[in-house]
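This is what each chain is made of:
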Amino acid sequence: MKISPAKENILKRVRNALSQSVQLPFPNSEGNSSVFRTENESLELKFAEEFTRLQGKFVYCTGKAELLDSLRSLCENKEWHSVFCKTPSLLKIIREEELPSLNKGTMHEADAAITDCEYLVARTGSVVLSSAQPSGRALPVYAPVHIMIAFTHQLVFDLKDAISKLKDKYGNDIPSAISFATGPSRTADIEKTLVVGIHGPKEVYVFLVDE
């Protein structure tokens, strides 16, 4: 098959271009470096900004006493009768005598659920959850309101940092389910109208405790 001079000219240009080394447009993005700058950036502030921008509700606590006060105030203002929690480490901090609505009834009757989390991702405002947590898979998505309690040592900057820490933490026993929750459940599948709380909690809180 004979190739026309015009097509041959185009192919010649392509071959010539492929033989030349091409400079990467963003050389600093290659390798282990992040394309996102982290210098002089507060992880707490970055997470709070991104999380609230996505309709999450962020509460900063200077210690465990302030955490309890904030939780009590929230439960009273919302008039919740049952707040369900099955995380042993949190139940050591939040006792029933200090939070009267704690574990009154079953998970199916709860107005809100309290869980821990694996990590907080500052850049995207995401919370990392896994099936290895005492709350399991069901509780974080079953209750209409999800309250997560995290500590400052759980803050990481990017998703790859969270994944790296999960690998270090669990080794070969990686949890069967890992999810990245970014704000309350929402979808725009219905006539392109944003609906909140359609596949999970309609309100999501993060209480960050400064250690």
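Computed from a predicted structure; not experimentally measured. (Residues numbered from 1 in each chain as written. Predicted model: local features only at pLDDT ≥ 70, side-chain atom pairs only at ≥ 80, totals over all residues. Heavy atoms only, no water.)

### Things to note about the sheet that holds strand S5 (residues 126-130)
Stated formally: For two strands to pair, DSSP has to find at least two bridges joining them. Helix numbering and strand numbering both begin at the N terminus, where a helix is a DSSP run of H or I of at least 4 residues and a strand a DSSP run of E of at least 2. The contact criterion used throughout is that any non-hydrogen atoms of two residues lie within 4.5 Å. Fitted lines through C-alpha atoms serve as axes, helices being fitted only where they are in contact, and the angles separating the N-to-C directions of these axes extend from 0 to 180 degrees.
Read from one edge to the other, the open sheet built from four strands follows the order S7-S4-S5-S8, with strand pairing classed as mixed. Taken across any chain shown, the strands that pair with only one partner, and hence form the sheet edges, are strand S7 (155-156) and strand S8 (178-181). Direction of pairing for S5 relative to S8: antiparallel, over a ladder of four bridges. Among the inter-strand pairings, Val128 is bridged to a residue of S8, identified as Phe180. Across the sheet, helix H6 (residues 159-170) touches strand S4 (119-121), S5, S7 and S8, and the angle it forms with S4 is around 165 degrees.

### Description of the side chain of Ser126
Here is the rule: Accessibility here uses a 1.4 Å probe with only protein chains present; expressed as a share of the type maximum, an area under 20% marks a residue as buried, one over 50% as exposed, and anything in between as partly exposed. Residues adjacent in sequence count toward polar contacts only when both atoms are side-chain atoms; beyond that, a polar contact is any pair of N or O atoms within 3.5 Å, and within protein one must be able to donate a hydrogen and the other to accept it.
Secondary-structure assignment places Ser126 in strand S5. For Ser126, a relative accessible area of 3% puts it in the buried group. For Ser126, the side chain forms a polar contact with the side chain of Thr124, separated by 2.7 Å. A polar contact of 2.7 Å, which involves the side chain of Ser126, links it to the side chain of Thr182. Residue contacts for Ser126: discarding those within four places in its chain leaves Phe47, Tyr119, Leu120, Val121, Ala181 and Thr182.

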